[in-house]
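Structure at a glance
Below, each chain spelled out in residue letters.
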Amino acid sequence: MRDQADRLREMALNLKQEIEAEIRRDLRYSRVVVISSGKGGVGKSTLALNLSLNLCARGMKIILMDADMGLANLDVMLGLVTKFNIYHIVQQKKSMEEITISGPEGLKIIPGGSGISELANLENTELKRILVELRKLDGAYDYMIIDTGAGISKSVMNFLLAAEDIIVITTPEPTAITDAYSLVKNVAKNSFAGSIYLVVNKVANDSEGILVAEKFKLVCQKFLSCEIKPLGHIVNEPLIGEGIRRQKAFVQIYPRSTATRNINTIVDRLIEASGQKSPGLESKRGGIRYFIEKIAGLVK
Ligand SMILES: Nc1ncnc2c1ncn2[C@@H]1O[C@H](COP(=O)(O)OP(=O)(O)OP(=O)(O)O)[C@@H](O)[C@H]1O
Ligand SMILES: [Mg+2]
């Protein structure tokens, strides 16, 4: 008799704990950061990967989505093999767990592939199913980092407008800066309500990085009434190319390089700016669910 009462009490306690965990998961959400550039080849994927690994090394849970519809390549950068992407979820062939691949430091990667543009053609019931799959990620990760293709195609724009945080990356080259400015202009024109950050890549030295960022910030302030938050810069480091050849991120193989220190500063500032030090209860706007719902609305 006593045994049975104990068992019942234990079951009730387990149930209570499960419900509480479920409620906590519902209240927490992942911060969505989209990395983009005007010009191609300026270092989006390099930044996305190394920034994600730096966050992982700080004990955060990170999911990195490769949303480059053209040449998605984060898996190749790490020498990982992928067969599936979001397209396979859209086609009802795979679940989110089945397409997610594991990188170093506990990093999880979702290959986006062509599946993202497919979202536009889905019926409501199908779309709902994907949203349910993606929402499962919310709260399970501190950040979702999204690496996009270059430029202001409609799909990239949809991603940017749905995000809470956008990191625009450029090099000091005038053409890259002009294209980055056009990107910011387009985002601002569409009344983007989140934060826009800037990273200057491939700089010769600290002064060049600071100068380019400050000039960019001023021009955006003056002509677009848009507040840009510089996160820092990354030096031009030939070893980064070596990392790519070895299919390893540079923060892994060159932990003491200047470029790794630069990434560390960028991440410090991002965490400070996005107030993610203690992820927890947040507003309704935000998270993967908001992001996906917004994209679905934008692509319809
Ligand atoms: N700080 C740096 N120093 C030296 N080389 C770099 C640096 N950052 C990136 N690179 C190199 O520049 C090239 C382009 O980088 P990456 O692929 O990250 O750019 P991307 O913006 O993602 O390009 P795409 O527009 O094609 O997606 C790569 O060969 C990479 O190794
Ligand atoms: Mg890329």
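Refer to the preceding data block for the structure.
Below is a summary of the structure that appears in this document. (Residues numbered from 1 in each chain as written. Chains lettered and ligands numbered in written order. Predicted model: local features only at pLDDT ≥ 70, side-chain atom pairs only at ≥ 80, totals over all residues. Heavy atoms only, no water.)

1. Thoughts on the packing of helix H2 (residues 44–57) against helix H13 (residues 258–274)
- At their nearest, the axes of H2 and H13 sit 10 Å apart, and the two run at 70 degrees to each other. If you check the angle between H2 and H13, you find them roughly perpendicular. Facing H2, whose interface residues are Leu47, Asn50, Leu51, Asn54 and Leu55, H13 presents Ile263, Asn264, Ile266, Val267, Leu270 and Ile271.
- Here the contact of H2 with H13 is composed, by residue class, of eight nonpolar, three polar and no charged. (Axes fitted to C-alpha atoms, helices over the stretch in contact; angles between N-to-C directions. Helix = DSSP H or I, 4+ residues; strand = E, 2+ residues; numbered from the N terminus. Parallel < 35°, antiparallel > 145°, perpendicular 65-115°, else oblique. Contact = heavy atoms within 4.5 Å. Nonpolar A, V, L, I, M, F, W, Y, C, P; charged D, E, K, R; others polar.)

2. What to know about the pairing of strand S2 (residues 62–66)
- Among the five residues of S2, five are classified as buried, and the element is accordingly described as predominantly covered.
- Of the two faces of S2, the one lined by Ile62, Leu64 and Asp66 and the one lined by Ile63 and Met65 are each fully buried.
- Bridge analysis of S2 against strand S5 (residues 143–147) gives five bridges, and the strand direction is parallel. What sits directly across from Ile63, in S5, is Met144.
- For S2 and strand S4 (residues 108–111), the ladder comprises four bridges, and the chain directions are parallel. (Buried < 20%, exposed > 50% of the residue type's maximum accessible area, 1.4 Å probe, protein only. Pairing = 2+ DSSP bridges.)

3. Looking at the packing of aromatic side chains
- Scanning all chains against the criterion turns up one aromatic pair.
- Pairing Phe159 with Phe291 gives two aromatic rings, centres 5.7 Å apart and planes at 50 degrees, and the pair type is tilted. Taken together, the residues Phe159 in helix H8 (residues 154–162) and Phe291 in helix H14 (residues 287–299) connect sequence positions 132 residues apart. Comparing Phe159 with Phe291, the two get one shared label, buried.
- One Lys or Arg, Lys94, reaches over the ring of Phe84 and ends 4.6 Å from the middle of that ring. (Phe/Tyr/Trp six-rings, centres within 6.5 Å; stacked < 30°, edge-to-face > 60°. Lys NZ or Arg CZ within 6 Å of the ring centre and 35° of its normal.)

4. Some details on helix H10 (residues 206–224)
- Across its 19 residues, H10 extends 26 Å between first and last C-alpha, which sits within 8% of the 27 Å expected from 1.5 Å per residue.
- Of all the positions in H10, only Gly209, Val212, Ala213, Phe216, Cys220 and Leu224 are classed as buried. Buried positions in H10, seen along its axis, are confined to an arc of 95 degrees and lie on one side of it. Exposed residues pointing more than 90 degrees away from the buried face of H10 are listed as Ser207, Leu211, Lys215, Leu218 and Lys222.
- Positive backbone phi, approximately 50 degrees, marks Ser225, located one or two places after H10. (Expected span 1.5 Å × (residues − 1). Arc of directions from axis to C-beta.)

5. Topic: the site of ligand 1
- Inspection of the region around ligand 1 gives 16 residues, with Lys44, Ser45, Thr46, Asn201 and Glu237 positioned closest.
- At a separation of 2.9 Å, an oxygen atom of ligand 1 approaches a polar backbone atom of Ser45.
- The side chain of Thr46 places a nitrogen or oxygen atom 2.5 Å from an oxygen atom of ligand 1.
- For ligand 1, the protein covers 77% of the area, taking 630 Å² as the surface of the free molecule.
- Of all the secondary-structure elements, those providing two or more residues to the shell around ligand 1 are H2, strand S7 (195–203), strand S8 (228–235) and helix H11 (238–245).
- It is H2 that contributes the most residues to the shell around ligand 1, three residues altogether.
- Looking at the shell around ligand 1 residue by residue, the class counts come to five nonpolar, seven polar and four charged. (Near = heavy atom within 4 Å. Polar contact = N/O pair within 3.5 Å; in protein donor to acceptor, adjacent residues only side chain to side chain. Areas by Shrake-Rupley, 256 points an atom, 1.4 Å probe, with all protein chains shown as cover.)

6. What about the pairing of S8?
- In terms of burial, S8 is a largely internal element, six of the eight residues being buried.
- Pairing between S7 and S8: six bridges, direction parallel. Along S8, the bridge assignment pairs Leu198 with Pro230.
- Between the parallel pair S7 and S8, the chain is carried across by H10, and the sense of this crossover is right-handed. (Right-handed = clockwise from strand over helix to strand, strands pointing away.)

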